[in-house]
Amino acid sequence: MCDRNLPKGSDLVATEDRNPYDIVRRQLREATEQLNLPPSVYEILKQPLRFIEVSIPVQMDSGELRVFTGFRSQHNDVLGPTKGGIRFHPDVTPDEVKALSMWMTIKCALLGLPFGGGKGGIICNPKELSRRELEGLSRGFIAALAQVVGPDKDVPAPDVYTTPQVMAWMMDEFSKTLSRNQFGLITGKPIVLGGSRGRSEATGRGCVETVLAAAKKLNMPIDGARVVVQGFGNAGSVAASLLRGHGAKIIAVSDSKGGIYNEHGLDPLAVLSYKEQHGTVVGFPGTETITNEELLALECEVLVPAALENQIHADNAHKIRAKIVAEAANGPTTPDAEQILFENGVFVIPDVLANAGGVTVSYFEWVQNLYNWYWSEEEVNHQLGLKMNQAFEEVYAMREKHNCTMRRAAYMVAVARLAEAMRLRGWLERNTAVWRS
Ligand code: NAD
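Residues numbered from 1 in each chain as written. Predicted model: local features only at pLDDT ≥ 70, side-chain atom pairs only at ≥ 80, totals over all residues. Heavy atoms only, no water.

Enquirer: Describe the packing of helix α13 (residues 377–402) against helix α14 (residues 406–424), listing the residues and the values that go with them.
Expert: In contact at an axis separation of 8 Å, α13 and α14 are set at 110 degrees when each is read in the N-to-C sense. With respect to their mutual orientation, α13 and α14 come out roughly perpendicular. Note on element contacts: α14 touches α13 through Met406, Ala409, Ala410, Met412, Val413 and Arg417, opposite Phe392, Glu394, Val395, Tyr396, Met398, Arg399 and His402. Within the contact of α13 with α14, the residues separate by chemical class into 9 nonpolar, 1 polar and 3 charged. (Axes fitted to C-alpha atoms, helices over the stretch in contact; angles between N-to-C directions. Helix = DSSP H or I, 4+ residues; strand = E, 2+ residues; numbered from the N terminus. Parallel < 35°, antiparallel > 145°, perpendicular 65-115°, else oblique. Contact = heavy atoms within 4.5 Å. Nonpolar A, V, L, I, M, F, W, Y, C, P; charged D, E, K, R; others polar.)

Enquirer: Help me get a handle on the nonpolar core, residues and values and all.
Expert: With 90 residues, the main nonpolar core has Leu28, Leu110, Val253, Val304 and Ile349 as its most contacted residues. Examining the composition of this core, we find that 12 residues originate from one element, α14, more than from any other. When residues of this core are assigned to domains, at least three map to each of domain 1 (47–183) and domain 2 (202–354). When residues no more than four places from it in sequence are discounted, the contact partners of leucine 28 are Tyr42, Leu45, Met102, Ile106, Tyr411 and Val415. Counting residues in each nonpolar core, the second largest holds 27 residues, with Cys124, Val148, Met170 and Met171 among its members. (Core = buried A, V, L, I, M, F, W, Y, C linked by side-chain atoms within 4.5 Å. Buried < 20%, exposed > 50% of the residue type's maximum accessible area, 1.4 Å probe, protein only. Domains from an automatic or database assignment.)

Enquirer: With reference to specific residues and values, describe the sheet that holds strand β8 (residues 258–261).
Expert: Taken together, the 7 strands give an open sheet; going across it, the order is β9-β8-β7-β6-β10-β11-β12, and neighbouring strands pair in mixed fashion. Two strands lie at the open edges of the sheet, namely β9 (288–290) and β12 (347–349), each paired on one side alone. Shown here is a sheet whose adjacent strand axes are inclined to one another by a mean of 20 degrees, direction ignored. Direction of pairing for strand β6 (residues 226–230) relative to strand β10 (residues 302–305): parallel, over a ladder of 4 bridges. Pairing of valine 229 across the sheet is with valine 304, part of β10. (Pairing = 2+ DSSP bridges.)

Enquirer: Now, about the domain arrangement of the protein: what can you tell me, with residues and values included?
Expert: Each assigned domain of the protein is listed with its residue range as follows: domain 1 (47–183) and domain 2 (202–354). Where domain 1 abuts domain 2, roughly 560 Å² becomes buried across the two surfaces, and 62% of that area is made up of carbon and sulfur atoms. Looking at the side of domain 1 facing domain 2, the largest losses of area belong to Trp103, Lys107 and Leu110, adding up to 66% of the total buried there. Counting across the interface, domain 1 meets domain 2 through 0 salt bridges. At the junction of domain 1 and domain 2, the tally comes to 1 residue pair in polar contact (both at pLDDT 80 or more). Counting residues per element, the side of domain 1 that touches domain 2 draws most heavily on helix α3 (residues 94–111), at 7 residues. Along the lines of polarity and charge, the residues of the side of domain 1 that touches domain 2 split into 5 nonpolar, no polar and 3 charged. (Buried area = accessible area lost by both parts, 1.4 Å probe. Salt bridge = Lys/Arg side-chain N within 4 Å of Asp/Glu carboxyl O. Polar contact = N/O pair within 3.5 Å; in protein donor to acceptor, adjacent residues only side chain to side chain.)

Enquirer: Lay out unusual backbone geometry with the relevant residues and their values.
Expert: A positive phi angle is found at asparagine 219, which is not glycine, with a value near 55 degrees. Tracing the chain through its elements places asparagine 219 in the loop between α6 (202–217) and β6. In this structure, asparagine 372 is a non-glycine residue whose phi angle is positive, near 55 degrees. Tracing the backbone shows asparagine 372 in the loop between α12 (357–371) and α13.

Enquirer: How would you summarise the pairing of strand β4 (residues 116–123) if you had to cite specific residues and measurements?
Expert: Extensive coverage of β4 is indicated by the burial of 7 of its 8 residues. Bridge count for strand β2 (residues 65–76) against β4 is 6 bridges, and the pairing is antiparallel. Of the residues in β4, the one forming a bridge with serine 73 is lysine 119. Pairing between strand β3 (residues 82–89) and β4: 6 bridges, direction parallel. In the strand pairing of β4, phenylalanine 88 is matched with isoleucine 122. Running through α3, the crossover from β3 to the neighbouring parallel element β4 is right-handed. (Right-handed = clockwise from strand over helix to strand, strands pointing away.)

Enquirer: Account for the pairing of β8, naming residues and giving values.
Expert: Pairing between strand β7 (residues 249–255) and β8: 4 bridges, direction antiparallel. Its bridge partner lying in β8, valine 253 is registered against isoleucine 260. Between β7 and β8, which pair antiparallel in sequence order, lie 2 residues. Bridging between β8 and β9 involves 3 bridges; their strand directions are antiparallel. For glycine 259, the partnering residue across the bridge sits in β9 and is isoleucine 290.

Enquirer: An account of the layout of surface pockets is requested, with residue identities and associated values reported.
Expert: In this structure, the second largest pocket spans a volume of roughly 190 Å³. Mapped by element, the contributors of at least two residues to the lining of the second largest pocket are α10 (335–343), β12 and α13. By residue number, the principal contributor to the lining of the second largest pocket is α10, which donates 3 residues. (1 Å grid on protein atoms, 1.4 Å probe; cavity = no way out; pocket = protein on both sides within 12 Å on 5 of 7 lines; lining within 4 Å. Points joined across faces, edges and corners; volume = space filled by probe spheres on them.)

Enquirer: Just give me the short version of empty space enclosed by the protein, but keep the residues and values in it.
Expert: Going through the model one piece at a time under the given rule, you end up with 4 cavities of 30 Å³ or more. Taken as a whole, the second largest cavity encloses approximately 70 Å³ of empty space. Lining the second largest cavity are Arg18, Pro20, Ile23, Gln27, Trp103, Glu309, Asn310, Gly331, Thr333, Asp351 and Arg407. Broken down by element, the lining of the second largest cavity gets its largest block of residues, 3 residues, from helix α1 (residues 20–34).

Enquirer: Can you explain the packing of aromatic side chains? Please cite residues and give values.
Expert: Within this structure, the stated rule accounts for 9 aromatic pairs. Geometrically, the ring pair formed by tyrosine 274 and phenylalanine 284 is edge-to-face, given 5.6 Å between the ring centres and 85 degrees between the ring planes. Pair noted here: tyrosine 274 is in helix α8 (residues 268–278) and phenylalanine 284 is in the loop between α8 and β9, with a separation of 10 residues, a long-range link. Both residues of the pair, tyrosine 274 and phenylalanine 284, count as buried. With 6.4 Å between their ring centres and 35 degrees between their planes, phenylalanine 347 and tyrosine 396 make a pair best called tilted. In this pair, phenylalanine 347 is assigned in strand β12 and tyrosine 396 in helix α13, connecting sequence segments 49 residues apart. The class of phenylalanine 347 is buried, set by a relative accessible area of 5%. The ring of tyrosine 21 carries arginine 25 above its face, with NZ or CZ at 4.8 Å from the centroid. (Phe/Tyr/Trp six-rings, centres within 6.5 Å; stacked < 30°, edge-to-face > 60°. Lys NZ or Arg CZ within 6 Å of the ring centre and 35° of its normal.)

Structural data, given as structure tokens:
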């Protein structure tokens, strides 16, 4: 059995802790301990190797000069350049950016991608910025980081409220700094500027690959399985459509305004077009309106949390009646909730596996940029399927060996790979002299 006790340590707390930085450190520490790795592995992994704060002056439309604060966390590059999105949000914090970069390290190592984990963020409310101000902010941020990003150093991507257009501005600004095109700087670009086909569906598609693999292990037919999706956005709506294509019945979906339920099943494409017209799924004809809490408690075979962090916590985990929880979102389940789900026999496909399709196709985009050779969507989807299934099987085998949660198993697969790479590069013996790109 996995040791699910809280680790000892002054940096970790004993009550339910929802700070993502504490949570990821705890997850890493438990995995290194269970693998019996030297303490130096956790000492290196427990914080980013580089964390940068930058000030970005932007001339606003009013003529006033405003200085924004941005962060970039480069957690660990032992396996390759760091990789991870940039978030524009008023609530961005250093802890959140650090945690997200650490999850990226785990995801990339788990999927066997030649990348480490990175993440960035700017404290701003993009909804209040004009297009010109947004462009100034995007260009200013990448210019401030120009010395430490690049195709072989750190490769950003979109995240919350950043778009292919933002990526295009950043790539353009960086290319100007170097006086040559640098499409491989950043992923999630528009297709005409070297973006990859299949990228926008990749997270939902990768998630569905893991659901199909889990259902097979559990001898559970997907044809007719009841599916509930919390967060009907990019990842959630794609997952719902693809699962329906496999014969599943999408009985409920939700967004930030609430949820809709129909026991006979919904057509995700019709819900999507309703959402585009009305700004929400709520009110879709022929459905009952439910709250997000009610949605999580529905009896179903597959629950896909695809919205935000900490949605399944110690207070509602005992109400979950799904057989499989596939975490399309980052960090939707707290560690205490996961313990409850584990005891109740719920099969959780952890975020670092279930939503890794996004970074996997970002990797394919980077490869295509470096080779200047572009793949068909079929090729992208085929390669994605191979990567997702291979990672799923490795995690499942580790889970069987240690009789632990899929999350612990995923961390163990990833941390073992990272530790081996650090050992071979000599980082564990003289970890004060870690090389930085
Ligand atoms: P998105 O903005 O397209 O969709 C998010 C959806 O969640 C929206 O429909 C929003 O209304 C809904 N939502 C917000 N608050 C909610 C709440 N309290 N209850 C229910 N629904 C709520 O975002 P996305 O790209 O689909 O990302 C969703 C999650 O997946 C995030 O956690 C993100 O970090 C994770 N993720 C996304 C990708 C990707 O490539 N898109 C990759 C990895 C992880």
